[in-house]
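As a plain string of letters, each chain reads:
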Amino acid sequence: MNCLESQRISIEKVDAVYRLVQQTITTVYPNYYFPEAVEFFCQIHNRGAIAKDILEGAVYGLFQGKELLATGSYHNGHIARLFVAPNLRGQGLGGRLLEDLEYRIIAQEQTKAVLDASRPAEEFYRHRGYYIVRQKQMTMESGAVLAWNVMEKQLSVSPR
């Protein structure tokens, strides 16, 4: 894909980010999680949470022209909500945006990136140098247990 541009997301794009995130969760996550967990992820990545992060200047997007292809956030070295449009997965967009977020973390003089990895993304992060540091879990209303891994990567300060 040519002419890709990573940029900070403005509040005017909150609906585009919300649609991309929800579409990805409802398309991809059912292959990895039980329905209650999918609904949980839809709820925590709601429009209000996304708008709050945008207003804090923490949300970035990868665009081709005006089309949002991928989105990701970071705050104090913690990367979150990295999603690629389902029809564009496997084309290197997530890796490109992740690299941009890591570069921004380094620019803030931090040497480590941390993230909570969803099951669909865990191998993606592993291939990019992230390693599991601990597992977290929560019991859902139904009694089912939702587990995920916290991953880290040491970032090296090198020219882009």
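Residues numbered from 1 in each chain as written. Predicted model: local features only at pLDDT ≥ 70, side-chain atom pairs only at ≥ 80, totals over all residues. Heavy atoms only, no water.

One number sums up the size of the largest pocket: a volume of about 860 Å³. What lines the largest pocket is a set of 38 residues, among which Y29, R81, L82, S118 and Y125 lie closest to the centre. If you list the elements that add at least two residues to the lining of the largest pocket, you get α1 (14-28), α2 (35-44), β3 (67-75), β4 (78-84), α4 (93-107), β5 (112-117) and α5 (122-126). With seven residues, β4 is the single largest residue contributor to the lining of the largest pocket. (1 Å grid on protein atoms, 1.4 Å probe; cavity = no way out; pocket = protein on both sides within 12 Å on 5 of 7 lines; lining within 4 Å. Points joined across faces, edges and corners; volume = space filled by probe spheres on them. Helix = DSSP H or I, 4+ residues; strand = E, 2+ residues; numbered from the N terminus.)

This part is about the packing of aromatic side chains. If you walk through the whole model with that rule in mind, you get eight aromatic pairs. Taking 5.4 Å as the distance between ring centres and 45° as the angle between the ring planes, the aromatic pair formed by Y29 and Y33 counts as tilted. Members of the aromatic cluster, connected to one another through ring pairs, are Y29, Y33, F40, F41 and F83. Above the face of the Y18 ring, R47 is positioned so that its terminal group lies 4.2 Å from the ring centre. Its guanidinium or amino end placed over the ring of Y33, R119 lies 5.7 Å from that ring's centre, counting from NZ or CZ. (Phe/Tyr/Trp six-rings, centres within 6.5 Å; stacked < 30°, edge-to-face > 60°. Lys NZ or Arg CZ within 6 Å of the ring centre and 35° of its normal.)

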